[in-house]
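Chains, contacts and geometry: an overview
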Amino acid sequence: METLLRDLARGALDLLWPRTCFACGETLGGTREPWLCGRCRAAIPALSAGLASCARCAAFLGPEGAGGSCRDCARLRPRFEAVRAVGLYRGPLRRLLVSMKYARRPEGAWPLGELMAEAVRGWEGGGAVIVPFPTTEAARKRRGFDPPALLAAEVARRRGLPLAEGALRRTGSPPPQASLSRSERLRSPRGTVEAVRPEVLRDRTVLLVDDVLTTGASASEAAQVLLGAGAARVLVAVAARA
Ligand SMILES: [Zn+2]
Ligand SMILES: [Zn+2]
């Protein structure tokens, strides 16, 4: 009954204010499609299906690389334990991210957050806490919102996990040598990420949330800071893997 009423209400809203798919812009007719059309929803997992990926960083390895780590992970040994991504930074997933970040549609965090929450299923145990990858003040001002923070909030809400917003901060540029006295454990080697709330991280499994993972170098830097601040382990969740 409740579902029927909701469907009717949504149907009425659709007449007044037609909803469109976040990824392709097509008008959404069906009441069961809140944000993405059926075609885009189906295309997202299909893009990465059957591709072998690195056990550590989720980089796609090509047809011959099944079961192991990628060359970068073997060489750089990232400080996070694992990465989960909704899929490759292609097709509808890429269009979704582009529309959120560059066409400034913060509502894109709803469908992305839903897909990400699904991707991290099973990671919520062991007192996990969600931490958004910190963005620079300049980027936040330019965009008017903070994509990783919105995604982190959605994943936290849907997985029922606490959100430690502001646990990390971007310092913008490396600090001058003279000011390095503040606990170096809490800062990344390049000094661009800093743990400002170590008390919420201590002995916790941290689920670091970002929009796109490219090389994994920034995520590894943030993971190092989180571990230095007392986190037990760091897992990374992203919308897309470049
Ligand atoms: Zn679509
Ligand atoms: Zn890797």
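Preceding this section is the structure that the text describes.
Below or above, wherever it landed, is the structure these notes cover.

What counts, and at which threshold
- Residues numbered from 1 in each chain as written.
- Chains lettered and ligands numbered in written order.
- Predicted model: local features only at pLDDT ≥ 70, side-chain atom pairs only at ≥ 80, totals over all residues.
- Helix = DSSP H or I, 4+ residues; strand = E, 2+ residues; numbered from the N terminus.
- Buried ≥ 20, exposed ≤ 12 C-beta atoms within 10 Å, placed from the backbone.
- Contact = placed C-beta atoms within 7 Å.
- Axes fitted to C-alpha atoms, helices over the stretch in contact; angles between N-to-C directions.
- Parallel < 35°, antiparallel > 145°, perpendicular 65-115°, else oblique.
- Nonpolar A, V, L, I, M, F, W, Y, C, P; charged D, E, K, R; others polar.
- Pairing = 2+ DSSP bridges.
- Core = buried A, V, L, I, M, F, W, Y, C linked by C-beta atoms within 7 Å.
- Left-handed = near helix turned anticlockwise from the far one by under 90°.
- Expected span 1.5 Å × (residues − 1).
- Right-handed = clockwise from strand over helix to strand, strands pointing away.

On to the overall build of the chain, then. Regarding its fold elements, the chain presents eight helices and six strands. Helices and strands appear in the chain in the N-to-C order α-α-α-β-α-α-β-α-α-β-β-β-α-β. With 242 residues in all, the chain has 36% of them scored as buried. Long-range pairs, those at least 24 residues apart, make up 73% of the contacts in the chain between residues at least 6 apart in sequence.

Contact geometry for helix 2 (residues 38-48) and helix 4 (residues 91-101): axes closest at 7 Å, N-to-C directions at 110 degrees. Comparing the axis directions of helix 2 and helix 4 gives the class roughly perpendicular. Taking contact as the criterion, the partners of C40, A43, I44 and L47 in helix 2 are, on helix 4, G91, P92 and L93. Of the residues that constitute the contact of helix 2 with helix 4, the class distribution is six nonpolar, one polar and no charged.

Sheet architecture is open: four strands sit in the order 1-6-5-2, paired in parallel fashion. Lying at the two open borders of the sheet, with one neighbouring strand each, are strand 1 (82-88) and strand 2 (128-132). Within the sheet, the average angular offset between the axes of one strand and its neighbour, ignoring direction, is 20 degrees. In the sheet, strand 1 pairs with strand 6 (residues 233-241) via six bridges, with the strands oriented parallel. Of the residues in strand 6, the one forming a bridge with A82 is L235. Against the sheet, helix 4 makes contact with strand 1, strand 5 (205-213) and strand 6, and its axis sits at roughly 95 degrees relative to strand 6, the strand it touches most. The strands touched by helix 7 (residues 147-159) within the sheet are strand 2, strand 5 and strand 6, with strand 5 carrying the most contacts at an inclination of about 130 degrees.

A word on the nonpolar core. Core analysis: the largest hydrophobic core is formed by 64 residues, its most contacted members being M116, I130, V155, L208 and L226. Those residues in contact with M116, other than ones at most four positions away along the chain, are V86, L151, V155, A237 and A239.

To continue, consider the packing of helix 5 (residues 109-119) against helix 7. Packed helices, taken two at a time, are described by the angle their axes make and the gap between the axes. Taken N-terminus to C-terminus, the directions of helix 5 and helix 7 make an angle of 50 degrees; their axes are 8 Å apart at the nearest point. Considering their axes alone, helix 5 and helix 7 lie oblique with respect to each other. At the point where helix 5 passes helix 7, the crossing takes the right-handed sense. Here A109, W110, L112, G113, E114, M116 and A117 of helix 5 lie close against helix 7, whose contacting residues are L150, L151, E154, V155, R158 and R159. The residue makeup of the contact of helix 5 with helix 7, split by class, is eight nonpolar, one polar and four charged.

If you check helix 8 (residues 217-228), its first and last C-alpha atoms are 17 Å apart, about what 12 residues at 1.5 Å a residue would give, namely 16 Å. For helix 8, the full list of buried residues reads A219, S220, A222, A223, V225 and L226. Of the surrounding secondary structure, the elements contacted by the buried residues of helix 8 are helix 3 (71-76), strand 2, strand 3 (168-170), strand 4 (193-195), strand 5 and strand 6.

The subject of this paragraph is the pairing of strand 5. Among the nine residues that make up strand 5, seven are buried, leaving the element largely enclosed by the rest of the structure. A crossover links strand 5 with its parallel partner strand 6, the connecting element being helix 8, and its sense is right-handed.

By secondary structure assignment, the location of R187 is in the loop between strand 3 and strand 4. Sequence separation between R187 and R170 is 17 residues, and the spatial gap between their C-alpha atoms is 9.9 Å. Each residue touching R187, except ones within four places of it in the same chain, is listed here: E194 and V225.

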